Amino acid sequence: MAVSEQRAGVDLTNLDEPLSPEAGATKRDLVDYLDAVADRLLPALAGRPLTVLRVLRGQKPFMQKNVPKYTPDWVRTVPMWAEASKREVHYALCDDRRTLLWLANQRAVEYHPTLGLAGDVYRPTHLVLDLDPPDEDFSKVVAVAHLVRQALADNGLSGAPKTSGAKGIHVFVPIDESAPVDDVAAATRALAARAEALDPSIATTAFIVADRGGKVFVDSTRAGGATVAAAYSPRLRAGTPVSFPLDWDELEDITPADFTVHTALEALVGRPSWTESMPDPQRLAPELIEFGRTIPVARVAAMHEGKRRARTRRQSS
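Residue numbers run consecutively from 1 along every chain, following the written order of its sequence. Predicted model: local features are reported for residues with pLDDT of at least 70 only, side-chain atom pairs are reported and counted for 80 or more only, and whole-chain, interface and lining totals are derived from all residues. For side-chain calculations, the full set of non-hydrogen atoms in the structure is used, while hydrogens and water are omitted.

Draft legend 1. Here's a closer look at the overall build of the protein chain. For the protein chain, the count of helices and strands is 9 helices and 12 strands. Against the 2.2 N^0.38 benchmark of 20 Å for 317 residues, the protein chain shows a C-alpha radius of gyration of 20 Å, consistent with a compact globule. Dimensions along the principal axes, computed over C-alpha positions, put the protein chain at roughly 60 × 45 × 45 Å. Here the protein chain holds 317 residues, and 50% of them are scored as buried. Residue pairs in contact within the protein chain that sit at least 24 positions apart in sequence constitute 71% of those at least 6 positions apart. As displayed, the protein chain offers around 14,800 Å² of accessible surface, 52% of which is attributable to carbon and sulfur atoms. Secondary structure counts use DSSP, requiring at least four H or I residues in a row for a helix and at least two E residues in a row for a strand, with both numbered from the N terminus. To get the radius of gyration, use the C-alpha atoms; to get the globule rule, take the number of residues to the power 0.38 and multiply by 2.2 Å. A simple rule labels every residue: compare its accessible area, found with a 1.4 Å probe on the protein chains alone, to the largest value its type can have, and call it buried under 20%, exposed over 50%, or partly exposed in between. Should any heavy atoms of two residues lie within 4.5 Å, those residues are considered in contact. Accessible surface is estimated by sampling points in the Shrake-Rupley manner with a 1.4 Å probe; for residues, cover comes only from the protein chains shown.

Below, the structure written as structure tokens:
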């Protein structure tokens with residue numbers, strides 16, 4: 001395979017091939033964008049086990065956790081036991097520009113780091129609320145984002161928003177190390193419930209899609225060893241949008257499609273980085289955690305409810 005270019009000692013190949021029919025971007029566009037935002041993106045990835053979404057020619061996109069056998073020795077990895085597959089998985093740690101460029105050359109489009117660092121992956125450094133609208137109307141998710149901001153403020157907390165790069169918003173809340181992972185998960189559920197209570201006509205914590213009634217889903221399940229698309233990560237969608245950090249007062253004036261691998265660099269001029277704009281780590285109030293413990297874990301509750309509904313259907317038939 002002919003080498004088209006070399007950067008930081010990484011051979012870059014087939015740069016002019018499109019990422020996908022809908023992407024509106026080539027592999028060169030991906031590499032150029034990631035190289036340009038490396039100083040901003042790497043702090044969000046460094047030290048965190050990384051899952052990437054790759055799109056190879058002629059294949060369906062796939063999420064990759066375990067690094068391939070041909071991974072260079074200089075790519076740092078960390079082994080983690082995967083209970084589901086009963087095997088050890090070696091995750092990449094993208095700590096430097098060279099590794100980022102190598103991943104880009106592997107057609108890794110999306111970057112999903114864990115919320116915890118490799119040394120203790122189940123201790124999240126941030127509490128995250130993922131706002132998922134029922135359709136492409138971004139104004140709906142913006143309205144609920146402000147409910148989340150109010151719920152945070154009511155509990156002595158502050159967070160930073162970014163577009164998810166898809167159709168939603170992620171709100172990141174830096175937290176200190178005082179709360180174990182189960183307490184962080186409980187506090188996340190509590191904040192989601194309190195945001196919903198501020199205006200249940202537009203926000204919901206219903207995990208089952210059919211129960212959401214066209215409302216924005218305030219997802220509190222990003223906890224433990226969960227991953228979230230990193231700030232500045234491209235997303236494999238039409239136009240190749242990127243997850244873009246914003247100020248709260250900007251949300252009404254933008255749409256996620258405003259920020260793509262072609263346009264985001266210009267929009268970043270003069271802006272602080274994601275890490276620079278993040279509040280300092282905060283302590284979660286015991287009362288918030290205690291309230292969260294009274295709320296069932298969404299996935300577990302949905303599983304039991306699904307089984308109950310299935311039994312009801314069988315009995316009625």
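Draft legend 2. Spotlight on the sheet that holds strand 11 (residues 203-204). An order of 9-10-8-12-11 is seen for the 5 strands of this open sheet, with the pairing classed as mixed. Since the sheet does not close on itself, it has two edges, and those belong to strand 9 (160-163) and strand 11, each with one partner. Inspection of the sheet shows strand 8 (residues 126-132) paired to strand 10 (residues 169-174) by 6 bridges, in the antiparallel sense. Within the sheet, the bridge partner assigned to Leu 129 lies in strand 10 and is Val 171. For helices, the fitted line uses only the C-alpha atoms of the stretch in contact; every axis is such a line through C-alpha atoms, and the angle between N-to-C directions lies from 0 to 180 degrees. In the packing of helix 4 (residues 138-154) onto the sheet, contacts are made with strand 8, strand 9, strand 10, strand 11 and strand 12 (216-219), and the angle to strand 10 comes to roughly 15 degrees. On top of the sheet, helix 5 (residues 181-198) reaches strand 8, strand 11 and strand 12; it is set at about 40 degrees to strand 8, its chief contact. Criterion used throughout: strands pair if DSSP finds at least two bridges between them.

Draft legend 3. Examining the pattern of salt bridges more closely. When a carboxyl oxygen of Asp or Glu is within 4 Å of a side-chain nitrogen of Lys or Arg, the pair counts as a salt bridge. Summed over the entire model, instances satisfying the criterion amount to 20 salt bridges. A salt bridge links Arg 7 to Glu 5, with the nearest nitrogen and oxygen atoms 2.6 Å apart. Given the relative accessible area of 14%, Arg 7 is considered buried. Residue class for Glu 5 comes out partly exposed when judged on its relative accessible area of 25%.

Draft legend 4. Structural view of helix 4. Each helix should span, by expectation, one fewer than its residue count multiplied by 1.5 Å. When the terminal C-alpha atoms of helix 4 are compared, their 25 Å separation across 17 residues agrees well with the 24 Å that a helix rising 1.5 Å per residue should span. The inward-facing, buried residues of helix 4 abut strand 8, strand 9, strand 10, helix 5, strand 11 and strand 12. With its phi angle positive at about 70 degrees, Gly 156 sits one or two positions after the end of helix 4.

Draft legend 5. Molecular detail of the nonpolar core. Ranked by size, the top nonpolar core spans 84 residues in total, and within it Leu 100, Tyr 111, Leu 127, Leu 131, Ile 169 and Leu 284 carry the most contacts. No other element matches helix 4, which puts 9 residues into this core. Excluding residues within four positions of it along the chain, Ile 169 makes contact with Leu 129, Asp 130, Leu 131, Phe 138, Val 141, Val 142, Ala 145, Pro 161, Lys 162, Ser 164 and Leu 251. Core analysis: the second largest hydrophobic core is formed by 7 residues, Val 78, Val 89, Leu 93 and Val 121 among them. For the purposes of this section, nonpolar cores are sets of buried Ala, Val, Leu, Ile, Met, Phe, Trp, Tyr and Cys residues that join through side-chain atoms within 4.5 Å.

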